[in-house]
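Understanding the architecture of this molecule
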Amino acid sequence: MAEFIQTNVGNGVALISLRYLPGAVFCVEQRREFLDALRDGQSNNEVEALVISGEIGAFGADYPLEERLSGDQAPTFAQLCTAIRTSRKPVVTALRGPVYDAGFELALSAHARVVHQGASLRLSRLQSGRLPSPEALHTLARELDAESCLHLLNATIPMPATLPGLAPLFAQIVRQNTVGHAAEVARDYDLYATEPMAGHLDPLAYQQTLETARAPINAPEQTALIDALEAAQLLPETAFLEFVAERDAVLAASPRSRALAYERGCDEALMPNSRTKNAPRFTLIGTNALAHILTFNLLDTGASIDILELEDGGYDALRASIQGRFSQRIKRGSLTSSHAEAAMSRLKSLPSFEALAAAEYAIECGAQSPEDLPALARSLRQALADETPLLITSGMRHSAGHFASSLIGNTAAAYFHVHSDRILFSELAFTEGLQESLATAWAFQAPLEKAGLAVLVQKAQDGLCSARLLTAYVHGAEECLARGASVAKVNAALAGFIPPLHIQNAEGFGLQPFRIRSFFMTEDTHDNPPALGGYFHSSGIDGRNKTQAFEPDSQHLVPKAAEALERWRQQLLQDGSVAETTLSPADIRQIVNASLYCVSAQLLETGIMTSPWKLDFLSRSMLARQPAYGGPFFWAQAGGLLAMRTFLRSFKPLRAEFFVMPDRLDDMIKTGGHYAPPSLP
């Protein structure tokens, strides 16, 4: 029983200590051992009370991802919480470090809690479309006022345990020896004492807070939460626990909850668990816009940055830019001066190419043109040590295959996804030999993950996975526009997604035709029908910062763009490429998602990327503005693979290359197969 927990008995208290085993926190084996220890404590006449403690991190994780997505194994985590709540002897938890999700639910199931003043709290069940465990929610409703309870459960970042509004949750908040203090609380605890519900102290204010929170919401999990907090003030505890369990079971079976749980699982499986204290050192060659963003983000994580400028004054301009960004954050109160000073002290300039010999991890950020890239890549590879990873970033999202000859040695292509100056995640692309070497791939991946960046690995080709999926999304929308759907109708049907024509307008209308030709056409493929972006571009509508397709702050096309759309549509009708059809919002979503699904399946079946859920993560992160989409594989599976096959067989697309029937689809339908869900490495 010592593998997952440790138990000790002394002075009338049984101490059950949870071990922190990354990837196995609250796993079925640990739950089984925990219940055995709990039963032993109940039956031991020398034990008057129990204390649950744990190593740092033991309360800081959820129960296993596979169970959250596919169903619990017995004994379930819910049974664990119930056993603690119904204990005949007082159970007190001693908390320190992170107290998150399942760990927090377990702590709230106990009769009392003692917490270290440095602990942090997070309970994010609502983000998965679910309610917290009934026992946890009853404790919150009993101890906290409505505002504090709603704030805690809707928080997206951990909250300090010392927040005044959370104080009623804890018997004591201590500086040290949480276990000793918890043992004292456990020995003195009266199981039969009764306390009024928090809402009973000022019922009008409590109800008003809930009504105010109810007014603007429409998410079912939020409605269920408010209903539960109301019920807690009216129902006996046993009836309340049954009420919450029933409401949560309804939520769990809903498509929205399944999608949210899947999305959260993808994020959890891909995102680094935590930033390490031993932050890496990066060397950036060049000072383009990406170099500024990388430097700002990596310094903020504790990394050290060396800059080799390729243009005179590049380093000084970059340093001034980073200093300015830190100063803005200091003014907003989101950064301290000491943190900014420490970060700037880790930013250095390299004197020459010869200094690259000592680099640990190099990132190119300065090729002036595609023609310059091969020579620059050769120079960098020669200057760096053979084992030093080198990322080439210039032009790699669209042309990694074209520049494959530059991806030699320990060299890979990279594209960093950025939003509002923050790096969301990165794509790394390797030539075939490098991708097959797990050790080499890990050498590229690990330093970025240590700096808190998620990494998607794939084979190098013209058009990284993100560029191909973006092309498929835009083309799916063009299929709908060609059949007579208006821009407004397409945008309305794709509510929650980035409007597809607005994407083209922002990046330039010449890019979509280029991507179609480069990624999806061969020498034998006829360039017909023309892409809508080409019509806009030939009509003098460039997009980007030049001639715009839309009226200012509007979804309405300018007259010239509207005319170009109509001419494009009429040509397609005349040459028989498409027939005008009345499309419902569901039809539009079907066409767009089918395009994404088929292109994703091609990437999976050709081995460009190896996990369907990673492609789902990529699609959702790029395109979805609201949660509960899941991604193309999740969407196809939720709607039924048989229904997807039926649609693909009957649909007559403008471009067949975006709607190729996946090779595995027939076999999956026959065998009842499913696409692999996210899993931890």
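Okay, so let's go over this structure. Source: prediction; values computed, not measured.

The next thing to look at is the overall build of the chain. From N to C terminus, the chain includes 30 helices and 17 strands. Its C-alpha radius of gyration of 28 Å places the chain within 12% of the 26 Å reference for a compact globule of 681 residues. Seen along its three principal axes, the alpha-carbon backbone of the chain occupies a region of about 85 × 65 × 50 Å. Counting over 681 residues, the chain shows a buried share of 54%. Contacts in the chain between residues at least 24 apart in sequence constitute 73% of all its contacts with a sequence separation of at least 6.

A few words on the packing of aromatic side chains. The tally for this structure, following the rule as stated, stands at 18 aromatic pairs. Seen from their ring centres, Phe 26 and Phe 77 are 5.5 Å apart, and the 65 degrees between their planes marks the pair as edge-to-face. Remark: Phe 77 occurs in helix α3 (residues 77-85) and Phe 26 occurs in the loop between β2 (13-18) and α1 (28-43); sequence separation between them is 51 residues. Overall, Phe 77 belongs to the buried group, its relative accessible area being 4%. In this structure an aromatic cluster arises from ring pairing among Phe 282, Tyr 361, Phe 430 and Phe 444. Above the plane of the ring of Tyr 100 lies Arg 122, whose end atom (NZ or CZ) is 4.2 Å from the centre. Above the face of the Phe 296 ring, Arg 325 is positioned so that its terminal group lies 5.7 Å from the ring centre.

In this section: empty space enclosed by the protein. Summary: where empty space remains is shown by rolling a probe the size of a single water molecule over the atoms. Tallying each qualifying case throughout the model produces 1 cavity of 30 Å³ or more. In this structure, the largest cavity spans a volume of roughly 30 Å³. Around the largest cavity, the lining residues are His 475, Glu 478, Ile 516, Pro 529, Pro 530, Ala 531, Trp 568, Leu 654 and Arg 655. Its residues assigned to classes, the lining of the largest cavity shows 6 nonpolar, 1 polar and 2 charged.

Glancing now at the packing of helix α4 (residues 101-109) against helix α5 (residues 134-143). At their nearest, the axes of α4 and α5 sit 8 Å apart, and the two run at 65 degrees to each other. Between α4 and α5 lies a crossing of left-handed hand. When α4 is examined against α5, the residues Glu 105, Leu 108 and Ser 109 are found in contact with a partner set consisting of Glu 135, Ala 136, Thr 139 and Leu 140. Class assignment for the residues of the contact of α4 with α5 results in 3 nonpolar, 2 polar and 2 charged.

Parameters and conventions
- Residues numbered from 1 in each chain as written.
- Predicted model: local features only at pLDDT ≥ 70, side-chain atom pairs only at ≥ 80, totals over all residues.
- Heavy atoms only, no water.
- Helix = DSSP H or I, 4+ residues; strand = E, 2+ residues; numbered from the N terminus.
- Rg over C-alpha atoms; globule rule 2.2 N^0.38 Å.
- Buried < 20%, exposed > 50% of the residue type's maximum accessible area, 1.4 Å probe, protein only.
- Contact = heavy atoms within 4.5 Å.
- Phe/Tyr/Trp six-rings, centres within 6.5 Å; stacked < 30°, edge-to-face > 60°.
- Lys NZ or Arg CZ within 6 Å of the ring centre and 35° of its normal.
- 1 Å grid on protein atoms, 1.4 Å probe; cavity = no way out; pocket = protein on both sides within 12 Å on 5 of 7 lines; lining within 4 Å.
- Points joined across faces, edges and corners; volume = space filled by probe spheres on them.
- Nonpolar A, V, L, I, M, F, W, Y, C, P; charged D, E, K, R; others polar.
- Axes fitted to C-alpha atoms, helices over the stretch in contact; angles between N-to-C directions.
- Left-handed = near helix turned anticlockwise from the far one by under 90°.

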